[in-house]
Amino acid sequence: MSNTPTERAPETDKPQRHFIQQIVDSDIESGKWGSPGDRSVVKTRFPPEPNGYLHIGHAKAIHISYGIAQEFGGTFNLRFDDTNPVKEETHYVESIAGDLEWLGAKWDGEIKYASDYFDRMYEWAMELIEKDLAYVDESTPEEIRSMRGSVEVPGTPSPYRVRPIEESKAQFARMKNGEFPDGSMVLRAKIDMASPNMNLRDPVMYRVLNAPHHRTGSTWHIYPMYDWAHGLEDSIEGITHSLCSLEFEDHRPLYDWFINAINTERDEPIHHPQQIEFARLAMSYTNMSKRYMRELVEGDHVSGWDDPRMITIAGHRRRGYTPKAIKDFVSIVGVTKFNAVMDVSRLEGAIRDDLNKRAPRRMAVLDPIKLVITNWGDGGDESRVEMMDVINNPEDDSAGKRSVKFGKELWIEREDFMIDPPKKFFRLGPDREVRLRCGYWVRCHDYETDSDGNVTTIHCTYDPETKGGNNPPPDEEGKVRKVKGTLHWVYAGDCVNAEVRLFDRLYNAEKPGKATGNHLDDLNPDSLVINTNAKIETSILERTPDEPDWVDGIRRFQFERIGYFCVDRESTIDAPVFNRTATLKDSWSKQNR
RNA sequence: AGGGGAUUGGUGUAAUGGUAGCACGGAGGUUUCUGGUACCUUUAGUCAGAGUUCGAAUCUCUGAUCCCCUACCA
C-alpha cells in the first residue's frame, strides 16, 4: 500500500444504491441467475396474505420489490399467500389488488396464489418423508410446545420422530384425505431439536385443518405452514430476490433448508431464490398493527377501513393522497436494516410537494363571515357583478385563469378579521386595508356584532383603482400605497354551500399506547371536525379544463391559504363533500403558539 | 446453551480503509397578489472504550443500548 493518500475520485452524481440494489447489481455482474449482464432475469414478488387491508408499510415493501423489478427490466409478481383458510377472504384479495393498482405497481401476468401450488407442495413433502427428513407427529399441540424447549434450554425429540418412514407416509396421506380432526397431528421437518434457532426445532410443515378455502373449497384438509410454503412458492415462480422484513431473518436458514432438502438426491434441482430482509416502516403518531387498526374500526373510532384518518392505503386514497406522494415518501424512507421511525410530517410534506405543483387553486371560505362593500353602489348599480380573472395555479402557467364573480356582498374567513388585532396581524381589522385576492383592495370602516360580541358583518369600502387586486397608482408625491395582507373570498351572490371534513392526526401521542398500554387512550378527540357551512366558488361543481387528469379520477384542489382538499366519494352535486388532505404550512399560527 | 440483527446531526439517509455529504426540521434572511411556493445563509453527527493501520464511520476485540425469535399465524 502506498504511503500517500490516494486521490479520491471526483464527486459524481451517481445515484446512491441501497443495499438490496447493490446485491442485485453484483448478482447481475456475476451472472448468478443467468448470463452475466442479463438484467431481465431479475424477478421479485409481493406476497400478502389476503386477511386484511394494506397500509403505508406495505406500500414500502411493494415499492422496494416492484422498484427493483422495474429498474432492471425484470418481472414482478403479485402472489396471495393463502395458506390459512380460516383467516382469508376473497374480499381482501380484491381490496389488496385494487390498492396495488392504485399505487401503480403493475404485476406481471396473472395474479398468483399459493393455493395453486398445493399439489406440488404435497408431493415434495412426501419426498421429504421418504428421505427421512420429515415425520408425522401425533403429539398434542401442548406436548409439541413443551418439548420445543425455550431459548435457553434445548428441546427434546418427540417419540414420533423415529417412527418408520412408511408409517409417516401412510398417516400423511390419510391427513390429506381428511380422516383426522383438526389439531390431531402435524407433519414436521426433522432438523435439530437443540438448535439455538427456534425455527429449526423440527418446524411444523402441515397442520390438519378441515376448513373450506376461499379458492380451493373443500379439496384440502391439510394446509402448509408459512415456512414450508413460502420458499416453494418463490421457487416455483422463479423469484430471484425474495424481499421481506427483518423479522424473517431467523427464518432464512429454514427457507434455505427446505429447498436444499427437496434438492438432495434430486436430478434437476428446483430453483433456489435468495431471501433478503429489510427494516419495515414505522411512523410517529400512528401504529400499523392489524390489531390496532381493527380495534379502531370495530370500536367505531373511525368510520371504516377507508376512513381518511386511517394509515391504510384505502384511507390515504380517500384522504386525497396521490400515489406519487406515497411513492416519494417511501423513497425518502430508504432501504436499510435499521428500525427507523419516520416522522409523519415527512408524509405530509410529500403530499404537499406533489399537490403544490399539480392542484388547481380555488377559493373557499370554511368559517364564513359577511363582508359588505358599502360604496359598491356609488356611481352605479349596487347589484353590479364584476368578473375577476383568477389564476388557477401559480406553479403551472399552462393552467391559465378562470373568471370569478365579485360583488357587493362577500364571504371572508372569520379568522381573517380581528376587532383588536396585534401588530403582526396582516389581515383585516377596523381601519385596516387588505387586498382581496384578484379582487379589490378594501378598507374596514365598521363592523356589527351579535349580543355575544361575535362579529356578524364587516363593512368596508373598496378602491376602484385596485381592480384585479393590483396596486393603485402612486399618489401626488409618487408614493405607492401598500397592503400587508391578501385574503381569499367568495361572492355571496353565487357560491356553493359545502361540507368540509377537517382531519387531524388520529393519535396525540408519538407512540400510541406507550403511556397506558392502550392506544385508545391516546386518541385525538379532535381528529375529525366537520364543517357544514363552507362557501366555495361555484366553479367547484363541475370539472374544468385546468384540472389535471389525476390517475385515479379523484378531484383535488388547493383552497387558497387553507390547504389541500379532495372530493369525497360521498359527495354529490346537491351535497358536496370535501376532505382536507393536508393543511398549508402555516407560519402565522406557528408563531402564535 | 441462548441465537439472530442493528446503532452516523433533532429525524431519515450517504460515504463500501483516504475531505463525514444530502434531505427534512430548527434559526435568520430575500422574493411574493396564498403568512403557501421558490431562493439564500446558518445550525447540528460517527453509541463507548481499546486494538490494527501512515490513515478507521468503515476492519478486530470488549462493553452499552434497541429490535426480532419459544403459533398446528403470516
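Keep in mind that this is a model prediction, so the values were computed, not measured.

Conventions and cut-offs
Residues numbered from 1 in each chain as written. Chains lettered and ligands numbered in written order. Predicted model: local features only at pLDDT ≥ 70, side-chain atom pairs only at ≥ 80, totals over all residues. Heavy atoms only, no water. Helix = DSSP H or I, 4+ residues; strand = E, 2+ residues; numbered from the N terminus. Rg over C-alpha atoms; globule rule 2.2 N^0.38 Å. Buried < 20%, exposed > 50% of the residue type's maximum accessible area, 1.4 Å probe, protein only. Contact = heavy atoms within 4.5 Å. Areas by Shrake-Rupley, 256 points an atom, 1.4 Å probe, with all protein chains shown as cover. Pairing = 2+ DSSP bridges. 1 Å grid on protein atoms, 1.4 Å probe; cavity = no way out; pocket = protein on both sides within 12 Å on 5 of 7 lines; lining within 4 Å. Points joined across faces, edges and corners; volume = space filled by probe spheres on them. Nonpolar A, V, L, I, M, F, W, Y, C, P; charged D, E, K, R; others polar. Domains from an automatic or database assignment. Axes fitted to C-alpha atoms, helices over the stretch in contact; angles between N-to-C directions. Phe/Tyr/Trp six-rings, centres within 6.5 Å; stacked < 30°, edge-to-face > 60°. Lys NZ or Arg CZ within 6 Å of the ring centre and 35° of its normal. Parallel < 35°, antiparallel > 145°, perpendicular 65-115°, else oblique. Left-handed = near helix turned anticlockwise from the far one by under 90°. Near = heavy atom within 4 Å. Polar contact = N/O pair within 3.5 Å; in protein donor to acceptor, adjacent residues only side chain to side chain.

**Student:** Looking at this model, I keep getting lost on the overall build of chain A. Mind explaining?
**Tutor:** Summing up its helical and strand segments, chain A has 13 helices and 27 strands in all. Its C-alpha atoms give chain A a radius of gyration of 32 Å, clearly above 25 Å, the size a compact globule of 593 residues would have. Principal-axis analysis of the C-alpha atoms gives chain A an extent of 105 × 70 × 45 Å. Across the 593 residues that make up chain A, the buried fraction comes to 51%. A separation of at least 24 residues holds for 70% of the contacts in chain A among residues at least 6 apart in sequence. In the structure as shown, chain A presents an accessible area of about 28,400 Å², 48% of it carried by carbon and sulfur atoms.

**Student:** I'm lost on the pairing of strand S27 (residues 577-583) in this one. Help?
**Tutor:** The two faces of the sheet receive side chains in turn, since in a regular strand these alternate between them. Burial runs high along S27: six of the seven residues are buried. Where strand S23 (residues 495-503) meets S27, three bridges bridge the pair, whose relative direction is parallel. Note that in S27 the partner of Glu-499 across the bridge is Val-577. Both strand S26 (residues 563-567) and S27 contribute to a ladder of five bridges, which runs antiparallel. What sits directly across from Tyr-564, in S27, is Ala-582.

**Student:** In this structure, what is going on with the layout of surface pockets? I would like to understand it.
**Tutor:** Counted as a void, the largest pocket has a volume near 1,200 Å³. Taken together, 45 residues line the largest pocket, and the ones lying closest to its centre are His-58, Ser-245, Glu-247, Phe-248 and Arg-280. Looking at the lining of the largest pocket, the elements that each hand over two or more residues are strand S1 (43-46), helix H2 (56-72), helix H7 (226-237), strand S8 (241-245), strand S10 (282-283) and helix H9 (290-298). The class makeup of the residues in the lining of the largest pocket is 20 nonpolar, 14 polar and 11 charged. Looking at the second largest pocket, its volume works out to about 720 Å³. Glu-415, Arg-427, Arg-561, Ile-562 and Asp-586 are, among the 25 residues lining the second largest pocket, the residues nearest its centre. For the lining of the second largest pocket, the secondary structure elements donating two or more residues are S27 and helix H13 (587-591). Here the lining of the second largest pocket gets three residues from one element, more than from any other, and that element is H13. In the lining of the second largest pocket, the residues fall into six nonpolar, seven polar and 12 charged. Both of domain 1 (364-488) and domain 2 (496-591) provide at least three residues apiece to the lining of the second largest pocket.

**Student:** How should I be thinking about the sheet that holds S23 in this particular structure?
**Tutor:** Strand pairing in a sheet takes place through backbone hydrogen bonds and is either antiparallel or parallel in direction. Strand order in the open sheet formed by seven strands is S12-S25-S26-S27-S23-S24-S13, with mixed pairing between adjacent strands. A strand with exactly one partner marks an edge of an open sheet, and here the two such strands are strand S12 (361-362) and strand S13 (364-365). Across the sheet, helix H12 (residues 344-358) touches S12, strand S25 (556-559), S26 and S27, and the angle it forms with S27 is around 115°.

**Student:** Looking at this model, I keep getting lost on the packing of aromatic side chains. Mind explaining?
**Tutor:** For any pair of aromatic rings, the description rests on two quantities: the centre-to-centre distance and the angle between the ring planes. Here the structure, examined in full by the defined rule, presents 22 aromatic pairs. For the ring pair Tyr-53 and Tyr-92, a centre distance of 5.6 Å and an interplane angle of 85° mean the geometry is edge-to-face. Here Tyr-92 lies in helix H3 (residues 90-103) and Tyr-53 lies in the loop between S1 and H2, a separation of 39 residues in the sequence. The pair formed by Tyr-53 and Tyr-92 is uniform in burial state, with each residue classed as buried. The ring of Tyr-113 is capped by Arg-215, whose NZ or CZ atom sits 3.5 Å from the centre of that ring. The ring of Trp-550 has Arg-556 sitting right over it, with the charged end atom 5.0 Å from the ring centre.

**Student:** For this particular structure, what's the right way to read the packing of helix H4 (residues 118-130) against helix H6 (residues 165-176)?
**Tutor:** Each packed pair of helices is defined by two parameters, the angle between the axes and the distance between the axes. Following both chains from N to C, one finds H4 and H6 inclined at 160°, their axes separated by 9 Å at the closest point. It follows from the interaxial angle that H4 and H6 lie roughly antiparallel. Here the hand of the crossing between H4 and H6 comes out right-handed. Here Tyr-122, Ala-125, Met-126, Ile-129 and Glu-130 of H4 lie close against H6, whose contacting residues are Ile-165, Ser-168, Lys-169, Phe-172, Ala-173 and Lys-176.

**Student:** What am I meant to see in the protein's contact with RNA strand B here?
**Tutor:** Near RNA strand B there are 73 residues, and of these Gln-22, Ala-194, Arg-361, Gly-468 and Gln-558 occur at the shortest range. Taken together, the sugar and phosphate atoms account for 59% of what RNA strand B places within 4 Å of the protein. The separation between a sugar or linking oxygen of RNA strand B and a polar main-chain atom of Val-333 is 3.3 Å. Side-chain polar atom of Asn-339 to a sugar or linking oxygen of RNA strand B: 3.4 Å apart, as the coordinates give it.

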